[in-house]
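Here is how the chains run, residue by residue.
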Amino acid sequence: MRLFVALSLPADLRSRLCALSSGLPGARWVDPANLHLTLRFIGEVGGHEADDVDAALSGINGKRFSLTLSGLGQFGGDRRLRALWAGVEPNEALDHLQAKIETALQRAGLAPEKRKFKPHVTLARFKANPGERLQDYIVERSLFRAEPFEVTEFVLYSSYLAHKGAIYAPEATYPLI
Ligand code: 3AM
């Protein structure tokens, strides 16, 4: 199975993000139910390895914290535009949780994640590059700032590629205290 670790988002926040999800030609908007904040992409693992991942994540003692989505940005540029995302206000507790997850997963035998953690919520990927329209879109919504929300757990998701797109299923949740 293909796994990743993420924060789920409250329904009202997903609705707020949905309200951003229009007006950009070439965008493939993420299904509202699928909106999430990835903490660690794991990738394809076997059953035993999945059990090890679950055991490692279960051992994490993390504290609850508040998180605020703010601003919009993009990954990739003209040549290969990859994603439009909502950003996250700087958050030490989030970075700390992500570091704990990384350490736990490495102890469980996973190869280290080489990319620096850049917290974001992907809103869209692209079947065609909207060109300048994307800059206009981002600038027009640059004041985007959502209500803070309380992070009380993190989630291990599986991801299946179906005809209609990715289907994410929560496999386990890990409470923060
Ligand atoms: O949370 P976002 O949408 O930014 O792009 C995938 C998605 O990111 C990313 O993991 C998240 C859950 O699917 N992802 C997919 N393949 C990946 C890979 N090989 C990857 N991240 C890193 N390496």
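Calculation notes
Residues numbered from 1 in each chain as written. Predicted model: local features only at pLDDT ≥ 70, side-chain atom pairs only at ≥ 80, totals over all residues. Heavy atoms only, no water. Helix = DSSP H or I, 4+ residues; strand = E, 2+ residues; numbered from the N terminus. Contact = heavy atoms within 4.5 Å. Near = heavy atom within 4 Å. Polar contact = N/O pair within 3.5 Å; in protein donor to acceptor, adjacent residues only side chain to side chain. Nonpolar A, V, L, I, M, F, W, Y, C, P; charged D, E, K, R; others polar. Core = buried A, V, L, I, M, F, W, Y, C linked by side-chain atoms within 4.5 Å. Buried < 20%, exposed > 50% of the residue type's maximum accessible area, 1.4 Å probe, protein only. Salt bridge = Lys/Arg side-chain N within 4 Å of Asp/Glu carboxyl O. Pairing = 2+ DSSP bridges. Axes fitted to C-alpha atoms, helices over the stretch in contact; angles between N-to-C directions. Phe/Tyr/Trp six-rings, centres within 6.5 Å; stacked < 30°, edge-to-face > 60°. UniProt positions renumbered as here; feature names shortened; annotations may be inferred.

1. A word on the side chain of N91
Following the sequence through the fold, N91 ends up in the loop between β6 (83–88) and α3 (92–107). For N91, the residues in contact, after removing those within four places along its chain, are F65, S66 and L67.

2. Re the site of the ligand
As a matter of local geometry, the ligand sits amid R2, F4, H36, T38, F41, R115, H120, T122, R125 and Y168. Separating an oxygen atom of the ligand from a side-chain N or O atom of H120 is a distance of 2.5 Å. Between the ligand and T122, the relevant distance is 2.8 Å, taken from an oxygen atom to a side-chain nitrogen or oxygen of the residue. The residue inventory of the shell around the ligand, partitioned by class, reads three nonpolar, four polar and three charged.

3. Some thoughts on the nonpolar core
Counting 51 residues, the largest nonpolar core has L17, L39, L57, L67 and F154 as its most contacted members. Per-element accounting of this core gives the leading share, five residues, to α3. When near neighbours in sequence (up to four residues on either side) are disregarded, L17 contacts L9, L35, L69, A86, V121, L123 and F144.

4. So, the pattern of salt bridges
Where side chains of opposite charge bring their charged atoms close, a pairing between them can arise. Counting across every chain of the model gives three salt bridges. E102 is the salt-bridge partner of R40, the closest N and O atoms lying 2.6 Å from each other. Note that R40 is positioned in strand β3 (residues 36–44) and E102 in helix α3, a separation of 62 residues in sequence. Given the relative accessible area of 11%, E102 is considered buried. In this structure, the salt-bridge partner of R145 is E89, at a minimum N-O distance of 2.7 Å.

5. Points about the sheet that holds strand β5 (residues 69–75)
Sheet strands line up and pair through hydrogen bonds in the backbone, either parallel or antiparallel. On the basis of which strands lie adjacent, the open sheet formed by four strands has the order β2-β7-β6-β5 and antiparallel pairing. The open sheet has two edge strands, β2 (27–29) and β5, and neither has a second partner. Sheet twist, expressed as the mean angle between neighbouring strand axes with direction ignored, is 30°. Examined bridge by bridge, β2 and strand β7 (residues 120–126) share three bridges and lie antiparallel to one another. Bridge pairing in β7 places R28 opposite R125.

6. Considerations on the packing of aromatic side chains
Each aromatic ring pair is specified by the distance between its two centres and by the angle formed by the two planes. Tallied over the full model, the rule gives five aromatic pairs. Here F4 and Y157 contribute two aromatic rings whose centre-to-centre distance is 5.3 Å and whose plane-to-plane angle is 15°, an arrangement assigned as stacked. Here F4 is found in strand β1 (residues 2–8), whereas its partner Y157 is found in strand β9 (residues 153–162), with 153 residues between them in sequence. This pair shows no difference in class: F4 is buried, exactly as Y157 is. Centre to centre, the rings of W29 and Y137 are 6.0 Å apart; their planes meet at 40°, and the pair counts as tilted. With W29 in strand β2 and Y137 in helix α4 (residues 132–140), this residue pair connects regions lying 108 residues apart in the sequence. An aromatic cluster is built from F4, Y157 and Y168, whose rings are joined through pairwise contacts.

7. Describing the UniProt feature "active site" (unreviewed entry) in the protein chain
When the UniProt feature table is mapped onto this chain numbering, "active site" (unreviewed entry) sits at H36 and H120. In summary, the annotated positions, though distributed over 85 residues, converge in three dimensions, the widest C-alpha pair being only 8.6 Å. Along the polypeptide, H36 turns up in strand β3. Those residues in contact with H36 that lie beyond four places of it in its chain are F4, A6, L7, L9, H120, V121, T122 and Y168. Separated by 2.7 Å, the side chain of H36 and the backbone oxygen of N34 make a polar contact. With a relative accessible area of 16%, H120 lands in the buried category. Sequence-distant contacts of H120, that is, excluding residues within four places in its chain, are made with H36, L37, T38, F75, W85, A86 and V88.

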